[in-house]
Amino acid sequence: MKFTYNARKMDITDPLKLYAEKKLSKLDRFFSADSEAGIVCRTERGRYTAEVTVRSANMLFRAQNTANDMYAAIDEVADMIERQVRKNKTKLEKRLRAGAFEREIPESAAMEEAEEAYDLVRIKRFALKPMDVEEAILQMNLLNHQFYAFRNASDENRFCVVYRRNDGGYGMIENEEQ
């Protein structure tokens, strides 16, 4: 697994890097050798936050935790990602195509540009991959997002968005092509 570090309002020391790599290396058994782990460490008001995003093939796993100690935050984040993998491993094996863990994942995520009158804070871009609705919902849950944009492989690669409803269910918005 390849590690990349990003620090905000703090310095990442070599012992901290070694500790994070040791804790996250136990996830190697779940992912291929070309997977990447992005580690963001930050401090604010005496609290330490560790955020880890693991990219492997077509899947993203993300966890974030805040604690009084950076080492404790890294411990909890590593456990959270392991729980996500274990919880969804059978779902991933059943729903994804064979060899899904060996393929590369696209960079970033996408948003359309807004008009200049609005205060646009962040832009994300990504390639929309064809997938089934169930796979899109699974990916949304793994990222812990409220919505997920994708191309529906079951419906002529039509642009769709799945979202989490307030009543606990899921909804889908489809592009109406004319």
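An account of the accompanying structure is given in this report. (Residues numbered from 1 in each chain as written. Predicted model: local features only at pLDDT ≥ 70, side-chain atom pairs only at ≥ 80, totals over all residues. Heavy atoms only, no water.)

**Notes on the sheet that holds strand E3 (residues 47–56)**
Here is step 1 of the chain: Spatially, E1-E2-E3-E4 is the arrangement adopted by the 4 strands of the open sheet, whose pairing is mixed. Every other strand in the sheet has two partners, leaving strand E1 (2–8) and strand E4 (59–67) as the edge strands with one partner each. Taken pair by pair, the neighbouring strands of this sheet meet at an average axis angle of 15 degrees, ignoring direction.
Here is step 2 of the chain: Relative to E4, E3 is paired through 9 bridges, and the arrangement is antiparallel. When the bridges of E4 are listed, Arg 55 appears paired with Leu 60. (Pairing = 2+ DSSP bridges. Helix = DSSP H or I, 4+ residues; strand = E, 2+ residues; numbered from the N terminus. Axes fitted to C-alpha atoms, helices over the stretch in contact; angles between N-to-C directions.)

**A word on the sheet that holds strand E7 (residues 158–164)**
Here is step 1 of the chain: Read from one edge of the open sheet, 4 strands run E5-E6-E7-E8, paired in mixed fashion. Each edge of the open sheet carries a strand with a single partner, namely strand E5 (130–131) and strand E8 (170–174).
Here is step 2 of the chain: Strand direction decides the pairing type here: E5 and strand E6 (residues 147–152), joined by 2 bridges, are parallel. Pairing of Pro 130 across the sheet is with Arg 151, part of E6.
Here is step 3 of the chain: Against the sheet, helix H3 (residues 133–143) engages E5, E6, E7 and E8, with an angle of about 150 degrees to E6. (Contact = heavy atoms within 4.5 Å.)

**Comments concerning unusual backbone geometry**
Here is step 1 of the chain: Even without a glycine there, the phi angle at Arg 45 is positive, about 55 degrees.
Here is step 2 of the chain: In this structure, Arg 45 sits in the loop between strand E2 (36–44) and E3.
Here is step 3 of the chain: Classification of Arg 45 as exposed rests on a relative accessible area of 80%.
Here is step 4 of the chain: In this model, Asn 157 sits at a positive phi of 55 degrees, which is unusual for a non-glycine residue.
Here is step 5 of the chain: In this fold, Asn 157 is placed in the loop between E6 and E7. (Buried < 20%, exposed > 50% of the residue type's maximum accessible area, 1.4 Å probe, protein only.)

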